[in-house]
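Listed below are the residues making up each chain.
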Amino acid sequence: MVKEVSPDSLKSYITSLVALGTRNTLSTQTNSERGIGAARVWVLNKFNDLAKKSGGRLTAFIDTTIYKADKNRVSRDIILGNVVATLQGTDPNDKRIFLISGHLDNMRSNPTDSTGDAPGANDDASGSAAVIECARIMSRHSFPATIIFITVSGEEQGLLGAAYMANKAKTLGWDIEADLNNDIMGSNNSSETKIIDNTRIRVFSEGLSVLDTGRIATNIRNLGLENDGKARQLARYVKEIGERYVENLEVVMVYRNDRFLRGGDHSPYVQRGFAAVRITEMNENYYHQHQNVRMEEGIQYGDLVEFMDFEYLRKNTAMNLSNLASLAKAPSMPQEVKVEVKKLTNYTYLSWKAPKTGKVKGYYVMMRETTSAFWQKKFFTADLEYRLPFSKDNYFFAVQSVNETGNESLAVVPGVGR
Ligand SMILES: [Zn+2]
């Protein structure tokens, strides 16, 4: 699947989206050749074409809601629409959902300018293209868990489409185990400092969740687990799997929910307790982001197709695909993972129960020093317990389920077993 990711496909999606003039959330929804309405229909048609070859497992629709005018970036009531394609999992008992998202809307220098041209090739036709390309390739394969491919609107207006979707997921009790949100991921250079690099991609993740308060926060502090929240755990997984499957790509973890004082569509999920991360290119070029297309003092401004690196976007898309496929193929996470604390010992005893769904070959017990960002060792066992000659005082541990084809679940940090 990774080999099927095509820079030409990605380029064609982005070129088609840019050709719609603007995709501002406040732009026209009645013109078939311009504006956010046309963009939504274009993506829906793409998904529907793929659905025909999916054996009935992929279904797509535009999920709309009325969004009322606010005091910020929405001056009048609008129809907000996310384009959602769902690849139904093959195991009816497996309720897990894995999400990949990008935002279809874009902006000029002024976010409420809904009529002028806004190409938005990188922000965020790149993320939207990655979503479509993953859907194209993955819809021909089957996975026990469900995968949702989504391109949202209203990101530049205040993360509106993502908030709508995250709210829906929370209200309906969806078991979203991961959201990979892709925003600005296909340009290889920085403005001002002029760095060129197409071998690294950033994954942003929060440490402590806003929901970690009171006793939960006390427990996290006592056990030193402030670096092992859901999103951080997902980021470690994304790095390991991405680098395993994609050549010449380093996944750089950034210990921060998003770029400094900036926002993204993963946040509405994070705020509702789902594991979500932001995936963004290593260096950003601000001449090409949120800028009207113009020439000024010899500098070309604007988010144009000519500034994209489609080979870089191919790798970054493949990185997403390898993660989504691994997660959706893997058994679910081991349950009731515990570290025994009945007596003082220099061994560490871990125990757990089999996952709810999926065929398990065994488990990986993972270990790292307390100052290490990544898991440093992985021990395989087919049992439901493991004894390590390493003290729990000096290391962190976690357990993953793994199946016959080597696909691991997300890691579970042990609770205290008395
Ligand atoms: Zn963006």
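Going by the structure above, here's the rest.
Now for a quick tour of the structure. (Residues numbered from 1 in each chain as written. Predicted model: local features only at pLDDT ≥ 70, side-chain atom pairs only at ≥ 80, totals over all residues. Heavy atoms only, no water.)

For the rest of this paragraph, the subject is the environment of D212. You can see D212 is positioned in the loop between β6 (200-205) and α5 (214-223). With 208 residues separating them along the chain, D212 and E4 place their C-alpha atoms 41 Å apart. Excluding residues that lie within four positions of it along the chain, D212 makes contacts with A217 and I220. (Helix = DSSP H or I, 4+ residues; strand = E, 2+ residues; numbered from the N terminus. Contact = heavy atoms within 4.5 Å.)

Locating K11 in the fold gives a position in helix α1 (residues 7-18). Its relative accessible area of 41% is what places K11 among the partly exposed residues. Once the C-alpha coordinates of K11 and V305 are considered, the two residues, 294 residues apart in sequence, prove to be 8.3 Å apart. (Buried < 20%, exposed > 50% of the residue type's maximum accessible area, 1.4 Å probe, protein only.)

It is worth spelling out the pattern of salt bridges at this point. If you walk through the whole model with that rule in mind, you get 25 salt bridges. A salt bridge links D77 to K68, with the nearest nitrogen and oxygen atoms 3.8 Å apart. Since its relative accessible area comes to 42%, D77 is described here as partly exposed. The partner of E284 in a salt bridge is R262, and the shortest N-O contact between them spans 3.7 Å. Separated by 22 residues along the polypeptide, E284 in the loop between β8 (276-281) and β9 (294-296) and R262 in the loop between β7 (250-255) and α7 (267-271) bring together distant segments of the chain. With a relative accessible area of 6%, E284 lands in the buried category. (Salt bridge = Lys/Arg side-chain N within 4 Å of Asp/Glu carboxyl O.)

If you check α1, its first and last C-alpha atoms are 16 Å apart, about what 12 residues at 1.5 Å a residue would give, namely 16 Å. Among the residues of α1, those classed as buried are S9, L10, Y13, I14, L17 and V18. Axial view of α1: buried residues confined to an arc of 165°, hence all on one face. Looking at the buried residues of α1, the elements they touch are α2 (36-52), α3 (125-138) and α8 (310-329). Capping the start of α1 is the job of one residue whose side-chain oxygen sits 3.1 Å from the backbone nitrogen of D8: S6. (Expected span 1.5 Å × (residues − 1). Arc of directions from axis to C-beta. Polar contact = N/O pair within 3.5 Å; in protein donor to acceptor, adjacent residues only side chain to side chain.)

Another aspect to go through is the side chain of T357. When you line up the elements, T357 lands in the loop between β12 (348-353) and β13 (362-369). Take T357: its relative accessible area is 8%, and that puts it in the buried class. Among residues more than four places away in sequence, those in contact with T357 are D91, N93, D94, R96, P331 and S332.

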